[in-house]
Amino acid sequence: MRVILLGPPGSGKGTQADLIRQNYGFPKISTGDLLRKEVEAGTELGKKVNQEMKAGQLVSDDLVLKLVENRISLADCQSGYVLDGFPRTLNQARLLEKLESKRRETVFEFRVSEQEILRRLSGRMVCLQCGAVYNISNNKPQNDGLCDFCGSKLVVREDDRPEVIRERIRLYLETIAPLVEYYSSKKVLFEINGDDVTENIFKSIKAVLDRQLTQAGEH
Ligand code: AMP
């Protein structure tokens with residue numbers, strides 16, 4: 001099973017991907033996390049993508065696809081995985097399809113108001129090591145500034161500044177329609193009310209995933 005989470009920044013994709021990982025054992029693959037790791041480590045790739053990421057622009061399809069390809073070839077992805085932040089363009093969706101055409105897929109589209117996005121992102125902290133997501137107001141880590149899962153130091157993302165957030169939302173709205181159309185014509189798309197609280201969102205996701213996995217005899 002390939003689970004794809006589509007949604008604007010701050011719509012809760014990362015948090016739900018963590019819950020899916022905990023409940024189904026599907027690793028979370030966040031292209032944003034993979035890219036941030038490259039930037040943090042100062043690799044050639046990291047240096048190439050740093051400027052685009054800071055400005056909230058998309059990095060090239062080829063670079064992102066390579067990262068995804070390498071990650072999904074690992075053994076822990078065999079029975080399934082969750083993609084958070086990929087695909088972002090119709091071209092990426094088509095390339096992914098080519099890469100692994102046989103795998104069943106379920107796609108969730110998170111719909112969230114801009115006001116709620118800004119509220120959530122203003123208090124967001126992330127773990128660069130394992131990708132876990134926290135929020136100062138409603139999802140604090142147990143120990144201040146440290147990840148509950150791996151103990152690493154939490155950081156505020158550079159692109160979570162209001163002016164960059166607005167650009168990221170604009171870009172999302174500009175590119176999402178063809179993706180939604182693509183997955184809805186494949187009849188694998190489910191809409192999620194991302195304004196709801198975390199537990200309710202996960203309940204809706206779980207209901208769909210349980211049904212899909214049962215039908216596929218994978219559960
Ligand atoms: P995210 O953590 O998903 O919000 O991604 C952070 C940044 O990484 C984005 O603003 C882009 O610069 C880059 N990025 C992440 N995923 C992709 C993707 N699928 N295609 C292009 N750029 C991406």
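Being a predicted model, the structure only gives us computed values, none of them experimental. (Residues numbered from 1 in each chain as written. Predicted model: local features only at pLDDT ≥ 70, side-chain atom pairs only at ≥ 80, totals over all residues. Heavy atoms only, no water.)

## What to know about the pairing of strand 5 (residues 124-127)
- Here strand 5 shows no split at all, with R124 and V126 on one side and M125 and C127 on the other all buried.
- Bridge analysis of strand 5 against strand 6 (residues 133-135) gives three bridges, and the strand direction is antiparallel. Directly across from R124, in strand 6, lies its bridge partner N135.
- Here strand 5 hands over to strand 6 after five residues, with G131 in that stretch at a positive phi of 85°.
- By the bridge criterion, two bridges tie strand 5 to strand 7 (residues 154-155) in an arrangement that is antiparallel. The partner of C127 across the bridge, within strand 7, is L154. (Buried < 20%, exposed > 50% of the residue type's maximum accessible area, 1.4 Å probe, protein only. Helix = DSSP H or I, 4+ residues; strand = E, 2+ residues; numbered from the N terminus. Pairing = 2+ DSSP bridges.)

## Brief notes about the packing of helix 1 (residues 13-24) against helix 8 (residues 198-215)
- Packing of helix 1 against helix 8 leaves a shortest axis separation of 10 Å and a crossing angle of 50°. Our classification of the angle between helix 1 and helix 8 gives oblique. Here helix 1 runs over helix 8; the crossing is right-handed. Across the interface between the two elements, T15, Q16, L19, I20, N23 and Y24 of helix 1 pack against T198, I201, F202, I205, K206, L209, D210 and L213 of helix 8. (Axes fitted to C-alpha atoms, helices over the stretch in contact; angles between N-to-C directions. Parallel < 35°, antiparallel > 145°, perpendicular 65-115°, else oblique. Left-handed = near helix turned anticlockwise from the far one by under 90°. Contact = heavy atoms within 4.5 Å.)

## Details of helix 1
- If you check helix 1, its first and last C-alpha atoms are 16 Å apart, about what 12 residues at 1.5 Å a residue would give, namely 16 Å.
- Of all the positions in helix 1, only K13, G14, Q16, A17, D18, L19, I20 and Y24 are classed as buried.
- Check the buried side of helix 1 and you find it contacts strand 1 (2-6), strand 2 (28-30), strand 3 (81-84), strand 4 (105-111), strand 6 and helix 8.
- Count one or two residues on from helix 1 and you reach G25, which has phi positive near 75°. (Expected span 1.5 Å × (residues − 1).)

## Some remarks on the site of the ligand
- With respect to spatial proximity, 16 residues lie near the ligand, and among them T31, Q57, G85, Q92 and R157 are the closest.
- Side-chain polar atom of Q92 to a nitrogen atom of the ligand: 2.9 Å apart, as the coordinates give it.
- In the environment of the ligand, an oxygen atom lies 3.0 Å from a nitrogen or oxygen atom belonging to the side chain of R157.
- No other element matches helix 2 (residues 31-41), which puts four residues into the shell around the ligand. (Near = heavy atom within 4 Å. Polar contact = N/O pair within 3.5 Å; in protein donor to acceptor, adjacent residues only side chain to side chain.)

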